[in-house]
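# Survey of secondary and tertiary structure
In case you want the letters, here they are:
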Amino acid sequence: MQDVETYLSHNKNSPKYSKISKILRDNEQLFDWCPEEKILDAGCGPGDVTVNALIPWLPPDFQLVMGVDVSPTMVDHALAAHASNKLTFATWDIEQEVTDVLKNGKFASGFDKVFSFYVLHWLQDLGKGVRNLHSLLKTRGQALLFFPVDRIFQRTYKKVRASETWSRYFQTVTRKIPPFPKEEDPLAEFETMLIDTGFEIMKSEIRDHIDDFPSVEDVTALVESLDPDIAHVPVDLKASYLRDCLQVMDQMEVLNLERTSIKQKMVLCVIRKP
């Protein structure tokens, strides 16, 4: 997911900002706030969700928000477009050691709140990511995590790339579908992971979310923006590759082409570090 402009264009034409804003409003009663809090947006991309959904919801007396993302391209855009005296960004992989984040003197003591939207399903080692978030939170710190568990995009890309038409272009790609969930009940599996890590669960749920899009072109833009390896496809064949992706999603019954809607199972958890 390196094409910043494609990603931003999709987000602006999708219900993503309004959906995240509603999730925050619906759960605000679960959060306790103090003045001068430090907040982490884990998996911030180009910073657009941070600016358009998260920060408008925060109490105005927060001290600093830090957005982190694995993509240097995304972070460079976020810094150029959005950085201020109360908002900064850094490149960091949630699965890597937390020392790179905590070495920033402003965050050496950790964070009061952590938010992560549409990110954790990309992790190969979700348990490591959860442990890292626990390490980054201060005692009594809270987090809200929201992510899909049915991995429809990863499964789509894998199936299309395995076809005779496209396999030749992905021979050097070693990325695997993340192993979570392993069990039939992904919510129970994730809850166990959170508890074993030391979190207190304040709220957890899983439900179907349906996102409606204005057109097939907008759905195509989403599929393109989320594909981390689309650069392997020749430019003149990209449209054909994306059509095949939509066809596979239609066959999987997660994409309704008539309504131009996508259905995903989403996990929402609000947690606290005791």
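The structure presented is a predicted model; accordingly, all values stated were derived computationally and were not measured.

Conventions and cut-offs
Residues numbered from 1 in each chain as written. Predicted model: local features only at pLDDT ≥ 70, side-chain atom pairs only at ≥ 80, totals over all residues. Heavy atoms only, no water. Helix = DSSP H or I, 4+ residues; strand = E, 2+ residues; numbered from the N terminus. Rg over C-alpha atoms; globule rule 2.2 N^0.38 Å. Buried < 20%, exposed > 50% of the residue type's maximum accessible area, 1.4 Å probe, protein only. Contact = heavy atoms within 4.5 Å. Areas by Shrake-Rupley, 256 points an atom, 1.4 Å probe, with all protein chains shown as cover. Lys, Arg positive; Asp, Glu negative; His and termini not counted. Charge placed at Lys NZ, Arg CZ, Asp CG, Glu CD.

What follows covers the overall build of the protein chain. Scanning the protein chain from N- to C-terminus turns up ten helices and eight strands. Expected size for 274 residues packed as a compact globule is a radius of gyration near 19 Å; at 19 Å, the protein chain falls within 12% of this value. Per-residue burial for the protein chain yields a buried fraction of 53% across its 274 residues. Considering only residue pairs separated by 6 or more positions, the protein chain has 80% of its internal contacts joining residues 24 or more positions apart. If you sum the accessible surface of the protein chain, you get close to 12700 Å²; carbon and sulfur atoms cover 49% of it. Side chains of the protein chain give 32 positive and 41 negative charges; the mean places of these two sets differ by 2 Å.

The next subject is unusual backbone geometry. Here the bond from Phe 180 into Pro 181 is cis, since omega is 0°, no more than 30 degrees from zero. Along the chain, the position of Pro 181 falls in the loop between helix H7 (152-161) and helix H8 (186-197). Positive phi is not limited to glycine here, since Tyr 118 has a value of about 55°. The topology assignment puts Tyr 118 in the loop between strand E4 (111-117) and helix H6 (126-136). Under the relative-accessibility criterion, Tyr 118 is labelled buried at 17%. Phi is positive for Arg 140, close to 75°, though the residue is something other than glycine. Considering the arrangement of structural elements, one finds Arg 140 in strand E5 (residues 137-148).

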